[in-house]
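Coordinates in review
In case you want the letters, here they are:
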Amino acid sequence: SAVISQKPSRDICQRGTSLTIQCQVDSQVTMMFWYRQQPGQSLTLIATANQGSEATYESGFVIDKFPISRPNLTFSTLTVSNMSPEDSSIYLCSALGQGAYNEQFFGPGTRLTVL
Amino acid sequence: GQQVMQIPQYQHVQEGEDFTTYCNSSTTLSNIQWYKQRPGGHPVFLIQLVKSGEVKKQKRLTFQFGEAKKNSSLHITATQTTDVGTYFCAPSAYGNKLVFGAGTILRVKS
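Here's a quick rundown of the structure.

On to the overall build of chain A, then. When helices and strands are counted, chain A shows zero helices and 11 strands. Each helix and strand of chain A, ordered N terminal to C terminal, gives the series β-β-β-β-β-β-β-β-β-β-β. In summary, chain A has a C-alpha radius of gyration of 13 Å against a globular reference of 13 Å for 115 residues, a match within 12%. Considering only C-alpha atoms, chain A reaches an extent of 40 × 30 × 25 Å along its principal axes. Across the 115 residues of chain A, 52% fall into the buried class. Sequence separation of at least 24 residues holds for 54% of the intrachain contacts in chain A that already meet a minimum separation of 6.

In structure tokens, the structure reads:
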């Protein structure tokens with residue numbers, strides 16, 4: 001299994017500013033992902049964070065809005081840029097497990113409120 | 001892209017009653033995972049189903065994968081208050097990505 005921590009756990013930000021969320025895994029993992037989840041809703045994949053190369057974004061998400069870094073096999077960051085109230089959500093990172101099931105282990109999430 | 005329909009959206013049961021959530025796809029799935037998210041928590045992996053017609057049990061939880069690999073279900077026998085949460089099915093997509101269903105919110109009345 002993998003234990004994942006995220007910082008910050010929550011934040012309240014002003015419109016137009018940017019926030020960087022950090023995700024730390026306690027072991028080296030091949031793949032990391034970033035999701036967005038509105039309260040009471042399902043998870044939507046934003047992008048796959050690739051180590052040593054640009055992230056792979058899902059339809060509807062772009063690098064200018066959600067730049068992602070993955071400098072090594074245990075760490076990734078997601079920046080929410082030029083925020084608007086529509087960006088208010090919970091942002092979760094996950095890591096692909098190394099076991100037989102390819103399960104994903106999730107961080108506790110970052111609750112973002114944009115005023 | 002790959003999408004799944006998950007029903008019901010919400011179920012409120014009396015403690016001790018059974019609960020089932022269903023996940024349906026229009027396309028054949030290579031495999032499907034199930035996750036549970038407690039209120040205020042993050043998703044936690046429960047199981048992965050790979051084979052056609054597969055049935056797996058975890059104590060009071062029974063997971064099934066349809067013969068055509070287009071549907072799956074999670075059944076909880078004799079629910080307890082600890083079962084409260086949202087249950088998501090999540091087929092895998094290309095590149096080890098997961099496509100999460102809408103989820104079924106389970107509330108248990110004691």
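Further remarks concern the state of the cysteines. What makes a disulfide is a covalent bond joining the sulfur atoms belonging to two cysteines. If you walk through the whole model with that rule in mind, you get two disulfides over all chains. A sulfur-sulfur separation of 1.9 Å characterises the disulfide bridge that pairs Cys23(A) with Cys93(A). A torsion of 70 degrees about the S-S bond marks the disulfide between Cys23(A) and Cys93(A) as right-handed. With Cys23(A) in strand E3 (residues 19-25) and Cys93(A) in strand E9 (residues 89-96), this pair connects stretches of sequence that are 70 residues apart. The buried category is assigned to Cys23(A), whose relative accessible area is 0%. Among the residues examined, Cys93(A) registers a relative accessible area of 0% and is labelled buried. Here Cys23(B) pairs with Cys89(B) through a disulfide, and the sulfurs are 1.9 Å apart. Residues Cys23(B) and Cys89(B) share a disulfide whose torsion about the S-S bond is about 60 degrees; that sign makes it right-handed. Of this pair, Cys23(B) sits in strand E3 (residues 19-25) while Cys89(B) sits in strand E9 (residues 85-93), and the two are 66 residues apart along the sequence. What makes Cys89(B) buried here is its relative accessible area of 0%.

Now for the sheet that holds strand E6 (residues 55-58) of chain B. Residue and element names in this part refer to chain B. If you trace the five strands from one edge of the open sheet to the other, you get E1-E3-E8-E7-E6, paired in antiparallel fashion. Whereas interior strands pair on both sides, the edge strands pair on one side only; in this sheet they are strand E1 (4-7) and E6. Between one strand axis and the next, the sheet turns by 15 degrees as a mean value, whatever way the strands run. Where E3 and strand E8 (residues 71-76) come together, six bridges link them in antiparallel fashion.

Our next topic: the interface of chain A and chain B. Residue-level contacts link 20 residues of chain A with 16 residues of chain B. Between chain A and chain B, a total of about 1,500 Å² is buried, with carbon and sulfur atoms accounting for 55% of that surface. Scanning the region where chain A abuts chain B turns up one salt bridge. Across the pair Lys97(B) and Glu58(A) runs a salt bridge, and its minimum N-O distance is 2.9 Å. Taken together, chain A and chain B are joined by seven residue pairs in polar contact (both at pLDDT 80 or more). Of all the elements in the fold, those that place two or more residues in the side of chain A that touches chain B are strand E4 (32-37), strand E5 (43-49), E9 and strand E10 (104-106) of chain A. In terms of residue class, the side of chain A that touches chain B is made up of 11 nonpolar, seven polar and two charged.

Parameters and conventions
- All chains use their own residue numbering, which begins from 1 and follows the written sequence.
- Here every chain gets a letter starting at A, and every ligand a number starting at 1, in the order they are written.
- Owing to the predicted nature of the model, reporting of local features is limited to residues with pLDDT of at least 70; listing and counting of side-chain atom pairs is limited to 80 or more, with chain, interface and lining totals taken over all residues.
- Side-chain figures throughout are based on the complete set of non-hydrogen atoms in the structure, without hydrogens or water.
- Where helices and strands are cited, they refer to DSSP runs of H or I of at least four residues and of E of at least two residues respectively, numbered from the N terminus.
- We take the radius of gyration over the C-alpha atoms and set the globule estimate at 2.2 Å times the residue count to the 0.38 power.
- Note on classification: 1.4 Å probe, protein chains only; a residue is buried when its accessible area is under 20% of the maximum for its type, exposed when over 50%, partly exposed between these limits.
- The criterion used for residue contact is that any of the two residues' heavy atoms lie within 4.5 Å.
- Disulfide assignment relies on a single distance test, namely cysteine sulfur atoms paired within 2.5 Å.
- DSSP-based pairing: two strands are paired if at least 2 bridges between them are found.
- Lines fitted to C-alpha atoms define the axes here, with helix axes fitted over just the stretch in contact, and angles between the N-to-C directions of these axes take values from 0 to 180 degrees.
- Buried area: the accessible area, evaluated with a 1.4 Å probe, that two parts lose upon being put together, summed over both parts.
- Each reported salt bridge corresponds to a side-chain nitrogen of Lys or Arg within 4 Å of a carboxyl oxygen of Asp or Glu.
- Any pair of N or O atoms that falls within 3.5 Å is considered a polar contact. Within protein, one atom must be able to donate a hydrogen and the other to accept it, and sequence-neighbouring residues count only if both atoms are side-chain atoms.
- Gly falls in the polar group here, along with every residue not listed as nonpolar (Ala, Val, Leu, Ile, Met, Phe, Trp, Tyr, Cys, Pro) or charged (Asp, Glu, Lys, Arg).

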